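Close look at the chain arrangement
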Amino acid sequence: MKVEALLLAKQSTAVKGVSPDFTLKQTAQLLLEHKLGALVVTDGDDRLIGIVSERDLIPVVASSDPEAGNRRVSEVMTRAVVSCCSEDEVAYVLRLMNENSFRHMPVLRNGKLVGILSIRELTKAYELLQIEANTDPLTQVSNRRPFLKTLETNFENALEIGLPLSVAMLDVDHFKLINDSYGHDAGDKVLQELSRMLIREFRTVDLVGRLGGEEFALVFPETDLAGAFIACERLRKSVEQQVIHAHGHKIRLTVSIGLTEIAGGFVNGASLLKRADELLYSAKSGGRNQVVSEEKEKRRELSIVGVY
């Protein structure tokens, strides 16, 4: 995001500034009136030539000279002003301000002053950018990259503290048929509604991520396999009973879920997720619309061995 976009989003880009001929008394009054820490100084062509701050006025206030307040701004202003361009990236400008402990940053376009931004405005914009970068734009859940990063953090914490951790992979059954029958817009609506159900059904500490297409992943911190299975089965039933209205169509869907938990043999979060994906494949190949957990899969394998 560029500074220009941030300026356009502001309700007002009016800059409180003074000319170099302003007296220090007039400048102090403006600072007090508008509750500002500093004022930019511009020439007749709106070119930035300096900045005057509360710090510059302290010697004037402390002076016993009755004429000190009538001195011109040009006599005390700081001429070496750090500024940014409207084409600069928000992240770069924020880093520059933090490194130099600046509270405000003048913005120039073609050498002329067009606005001024506070560190609070830039910090808020940067935080929103980070949220957008980590969020899937369609479903508003975590996207793949931050999800995998958080999964690894949860995995390491669970190992270190000795707490349980469960991970699930979820896939919409016959999603291609939904797209082919009702259109991709309807398919998008299905994914949006599903993500809302995921957020609604699970705890705030649980992590929901869209890994791609109709595939979602779930992390259940401090939750063993039995507890996670109950949560996933509750979700599966909720999805099955839901009717999604999309572009005049009533769409029903089901989901398949593969579920595992942290145990010996898993070296990282990625290996845990891979095992959940294998169990998801078992859920789909075994008839779909079901939750296949590690424990359930072991029972199935034992029953197969028993047949032979």
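The rules behind these values
- Residues numbered from 1 in each chain as written.
- Predicted model: local features only at pLDDT ≥ 70, side-chain atom pairs only at ≥ 80, totals over all residues.
- Heavy atoms only, no water.
- Pairing = 2+ DSSP bridges.
- Helix = DSSP H or I, 4+ residues; strand = E, 2+ residues; numbered from the N terminus.
- Contact = heavy atoms within 4.5 Å.
- Axes fitted to C-alpha atoms, helices over the stretch in contact; angles between N-to-C directions.
- Phe/Tyr/Trp six-rings, centres within 6.5 Å; stacked < 30°, edge-to-face > 60°.
- Buried < 20%, exposed > 50% of the residue type's maximum accessible area, 1.4 Å probe, protein only.
- Core = buried A, V, L, I, M, F, W, Y, C linked by side-chain atoms within 4.5 Å.

With respect to topology, three strands assemble into an open sheet ordered E4-E5-E6, the strand pairing being mixed. Each of the sheet's edge strands pairs with one partner strand only, and the pair in question is strand E4 (84-85) and strand E6 (112-118). In the sheet, E4 pairs with strand E5 (residues 104-109) via two bridges, with the strands oriented parallel. Following the sheet pairing, Cys85 is matched in E5 by Leu108. Contacting E4, E5 and E6, helix H4 (residues 90-100) crosses the sheet at an angle of about 140° to E5.

Attention now moves to the packing of aromatic side chains. Between two aromatic rings, the relevant description is the distance of the centres plus the angle of the planes. Applying the stated criterion across every chain yields a total of one aromatic pair. Considering the side-chain rings of Phe202 and Phe220, the 5.2 Å spacing of their centres and the 80° angle between planes classify their relative orientation as edge-to-face. Of the two residues, Phe202 is situated in the loop between helix H8 (184-201) and strand E8 (207-212) and Phe220 in strand E9 (residues 215-221); the sequence distance between them amounts to 18 residues. Assessed through its relative accessible area of 8%, Phe202 is described here as buried.

Moving on to the environment of His34. With respect to the helices, strands and loops of the structure, His34 is situated in helix H2 (residues 24-34). Linking His34 and Val90, residues 56 residues apart in sequence, is a C-alpha distance of 25 Å.

This brings us to unusual backbone geometry. If you check the backbone angles, Ser101 has positive phi at about 55° while not being a glycine. The residue Ser101 is located in the loop between H4 and E5 in this model. Residue classification places Ser101 among the exposed residues on the basis of a relative accessible area of 64%.

Where E5 and E6 come together, six bridges link them in antiparallel fashion. Paired with Pro106 across the strands is Ile116, a residue of E6. Taking the residues between adjacent antiparallel strands as the criterion, E5 and E6 are bridged by two residues, where Asn110 takes a positive phi near 55°.

A word on the environment of Glu99. Within the secondary structure, Glu99 is located in helix H4. Distance from Glu99 to Arg145, taken between C-alpha atoms, is 28 Å for residues 46 residues apart in sequence.

Moving on to the nonpolar core. If you look at the biggest cluster of nonpolar residues, it comprises 31 residues, and the most contacted ones within it are Leu194, Leu198 and Phe220. Going through the elements one at a time, strand E7 (165-172), helix H7 (175-182), H8, E9, helix H9 (225-241), strand E10 (244-246) and strand E12 (255-261) are the ones with two or more residues in this core. Contacts of Leu198, omitting those with residues within four sequence positions, involve Leu170, Val208, Phe216, Leu218 and Leu235. Leu151, Val167, Ala276 and Leu280 belong to the second-largest nonpolar core, a separate cluster that totals 17 residues.

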